[in-house]
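Listed below, chain by chain, are the residues.
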Amino acid sequence: MSEYAVQVAVHATTSFESFVASNGSSLAGFALMVAGNRQDAQDLVQDALIAAYPRWQRLSEGGDPLAYVRRCIVNRQISVRRKLYRLVALGDREPVSADPTVQLADADWALSLVGQLPDRQRIAVILRVMEDRSFAEVAELLGVSEANARKLVSRGVAALRTHLSEGEH
Amino acid sequence: MTDPMDEWRRRLQDAAEAFRPDLDAAELAATSRKRRRNAGIAGGLVGVAAVAVALTLLVPTMLRPNAPVLATPLPVPSASTTPSTSSTSSSDTITVPMDGWKHFASKEYPITFDFPKDWVLSGLIGRTAGCSMSGCQLTLSPPKGSSVTPVVLNRNGFEANDNVTDGFYSSPEMVAAIPGLTGWARVADGTARPIVLARSRAGAHGWDYFLAATSDDGSVESTAIAVGDANPLGDRREALFSFGTALDNLGGTTSGEQAQALLMILASARPNPDYHPTMPVNGVLAQFDSMKTPVLGAVAPDASWRTLTVDAAGIRLRYPDDWKVSHDAEQEEWTLAAPSGYQLRVGLARDGDEYFADESDSSVVLGTVAAAPATADAATDFNQPVVTLSGPAEIRWRNGGTDVASAYLALSRDSRVQDLLHFGGHRGVQLGGVGPGINPTAAELDQLVAILASVTTS
């Protein structure tokens, strides 16, 4: 009982440093799947944490920092403003093979497939397929109707299956 | 045999777990502090600072004598009827004539504002004032030929979403207080916060200007805000709005004399007493009028009707002579446009055949097309088993509301409605009225139903 109480107390006063230490890896992984490439993913997770820092006291006391940072990652990925920045940095992006017969490392192969989806489709697929979020949650995170979330997931999955079947030939 | 999707999921998960970018909390915190500090330093050096830094905005009361508009850094100077902006840190005084400015107020938006008569508001769609289910947005653009950037008023839509968030503007800083304007930034806010005119760096483009709420210590905290007598954010996220520029997205500038009107526009914002954040969807967002339910058979093809054959889908259909057909080869889509502009689209499935069925379809069945037996997969979710439907295609009808009135072909079972149909083993195809943006006329609606009823397998 006392152990539980201690855990609660620790959680309620989580420092920014301990939060990053505990959740940085999972946030980075989430950002990688949302972005579809490593360069953007690193920017995304860093920017989201930097944005969270000034609000940390309020977030750690009464909010859900993890949910906040994850939402930041999604928002930044789909914001038009960020897209403009990404265009500038396009030359730095990892090459994505358009030829499905080209052998890529396992991780790069999986990334290259998801990286080919449009942003919203990719995020919808990640949230639904990889994170098992409900369509309502996907819709809320993406700011679309639930019906649109279904379409995004459906079309994203269909596109992935098409790419996967092409890769088998 | 392993499902390729499962293999892909496993590898992607592995990639995510192996990804370990450098995340040094101390460095991130330092960068955050540095960004905020730099934004402040840069502000004092940029040319626009003559207007923006230590700015006093004194907007006259010409339009609304009982609602003086005043924006100023603290301490608040006395109100003035002189239309001017002036800097308290220098002798610069800039006059912005506000004679004849227009006043914007719409029940769909939480604030009102004033703007020069030669600026143009866009986004107004009928009585819904630029609203859709997922958000409402108005763009106020300067006169043609002006280099000034537009101002955007954006609010959350009526569905659960956060189109309006704090993420858009980074490291905002206060430019001027707007006395008398308060609002809400957090669910937990028990007391309304001061709303100020703020700005943030827009990359190399200059400064974005916008309204923002301040925190208890007076710093700018939130650019997604709500206004009103009581805090609506507990259960009404749609009350959140932002009002400001977006240089990165829209281009233009906030520098120079012309841009001073822009600051006056922002500073003229006042709560809209007629706005109500709880407007029901079917009230505010009933963009499209209800129509009388069409009757199957009210119209029948005659000799004047033409024939469209879609080989890839294995179907043909008849359509009135005055409906115009166009084909988009890239989209693999045929559009049949009625004289009013209302459209029926015939679209081939492009991304495979896995569109999920709809479980919340409000449509009703008008009848079936015996000459068009179809099949459809009616999975409603990636993780659910596919249910295969077959039978004569249904003609379903959905009245106007948040979407246009429409009729379309589908198959259904229980609550599942699938409008991606296969005819005779051909590619999947969708056929339905889509507007866009307008209801059909009553006669066109009957024709639409007749077109769908004319579908035969080829």
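Please read these numbers as outputs of a predicted model, since none were measured by experiment.

### Some details on the pairing of strand β15 (residues 241-245) of chain B
Residues and elements named next belong to chain B. Of all the five residues making up β15, five are buried; the element is thus mostly covered by neighbouring parts of the structure. The pairing of strand β10 (residues 151-156) with β15 spans five bridges and is classified as antiparallel. Bridge pairing in β15 links Asn 154 to Ser 242.

### Let's talk about the sheet that holds strand β5 (residues 102-104) of chain B
Residue and element names in this part refer to chain B. With antiparallel pairing, the three strands of this open sheet are ordered in space as β5-β6-β16. Pairing within the sheet leaves two strands with one partner each, and these edge strands are β5 and β16 (270-271). Here β5 runs beside strand β6 (residues 111-115); their pairing, made up of three bridges, is antiparallel. Within β6, the residue paired with His 103 across the bridge is Asp 114.

### A few points about the environment of B:Ala226
Residues and elements named next belong to chain B. Here Ala 226 shows up in the loop between β14 (220-222) and β15. A count of 30 C-beta atoms within 10 Å places Ala 226 in the buried class. If we skip the residues at most four places from it in the chain, Ala 226 touches Pro 110, Gly 183, Trp 184, Pro 232, Leu 233, Ala 239, Leu 240 and Phe 241.

### Digging into the sheet that holds strand β27 (residues 456-457) of chain B
Residues and elements named next belong to chain B. A sheet is described by the order of its strands in space; here three strands give the open sequence β17-β18-β27, paired in antiparallel fashion. Lying at the two open borders of the sheet, with one neighbouring strand each, are β17 (306-310) and β27. Here two bridges tie strand β18 (residues 315-319) to β27, and the two strands are oriented antiparallel to one another. Within β27, the residue paired with Arg 316 across the bridge is Thr 456.

### Focus on helix α7 (residues 442-453) of chain B
Residue and element names in this part refer to chain B. The end-to-end C-alpha distance of α7 is 17 Å, a good match for the 16 Å that 12 residues give at a rise of 1.5 Å each. Within α7, 10 of the 12 residues are buried, leaving the element largely enclosed by the surrounding structure. Of the positions making up α7, those classed as buried are Glu 444, Leu 445, Asp 446, Gln 447, Leu 448, Val 449, Ala 450, Ile 451, Leu 452 and Ala 453. In the core, the buried residues of α7 are packed alongside β18, β21 (343-348), β22 (364-377), β23 (388-398), β24 (406-413) and β26 (429-435).

### Topic: the confidence of the model for chain B
Residues and elements named next belong to chain B. On average, chain B scores 76 in pLDDT, and the residues at 70 or more come to 72%. Counting contacts from residues 124-128, a segment whose pLDDT is below 50, to residues more than four positions away or on other chains yields nine contacts. For residues 279-286, every residue scores under 50 in pLDDT, and the model assigns this stretch 14 contacts once sequence neighbours within four places are set aside. In the predicted complex, the global pTM is 0.40; the interface-specific ipTM is 0.80.

### What about the nonpolar core?
Within the largest apolar cluster, 57 residues are counted, with the highest numbers of intra-cluster contacts made by B:Val196, B:Leu197, B:Leu211, B:Ile225, B:Leu262, B:Ile265 and B:Leu266. Contributing elements (two or more residues each) for this core: β6, β9 (135-141), β10, β11 (173-183), β12 (193-201), β13 (207-214), β15 and α5 (260-267) of chain B. The element that contributes the greatest number of residues to this core is α5(B), accounting for seven residues. Contacts of B:Ile225, omitting those with residues within four sequence positions, involve B:Gly183, B:Trp184, B:Ala185, B:Ile195, B:Leu211, B:Ala212, B:Ala213, B:Leu240 and B:Phe241. Judged by nonpolar contacts, the second largest core, of 54 residues, contains A:Ala28, A:Ile50, A:Val114 and B:Ala16.

### Side note on the environment of B:Val364
Residues and elements named next belong to chain B. Examined against the element boundaries, Val 364 turns out to sit in strand β22. When the 11 C-beta atoms within 10 Å are taken as the criterion, Val 364 is described as exposed. C-alpha of Val 364 to C-alpha of Trp 397: the two residues are 33 residues apart in sequence and 5.4 Å apart in space. Excluding anything up to four places from it in sequence, Val 364 contacts Arg 396 and Trp 397.

### Describing unusual backbone geometry
Backbone geometry places A:Asp132, a non-glycine residue, at a positive phi of 60°. Mapped onto the fold, A:Asp132 is located in the loop between α8 (119-130) and α9 (135-142).

### Details of the environment of B:Thr253
For B:Thr253, the position within the fold is in the loop between α4 (247-250) and α5. B:Thr253 has contacts with B:Ser147, B:Val148, B:Thr149, B:Gly206 and B:Ala259, leaving out every residue within four places of it along the chain.

Rules and cut-offs
- Residues numbered from 1 in each chain as written.
- Chains lettered and ligands numbered in written order.
- Predicted model: local features only at pLDDT ≥ 70, side-chain atom pairs only at ≥ 80, totals over all residues.
- Buried ≥ 20, exposed ≤ 12 C-beta atoms within 10 Å, placed from the backbone.
- Helix = DSSP H or I, 4+ residues; strand = E, 2+ residues; numbered from the N terminus.
- Pairing = 2+ DSSP bridges.
- Contact = placed C-beta atoms within 7 Å.
- Expected span 1.5 Å × (residues − 1).
- pLDDT = per-residue confidence, 0-100.
- Core = buried A, V, L, I, M, F, W, Y, C linked by C-beta atoms within 7 Å.

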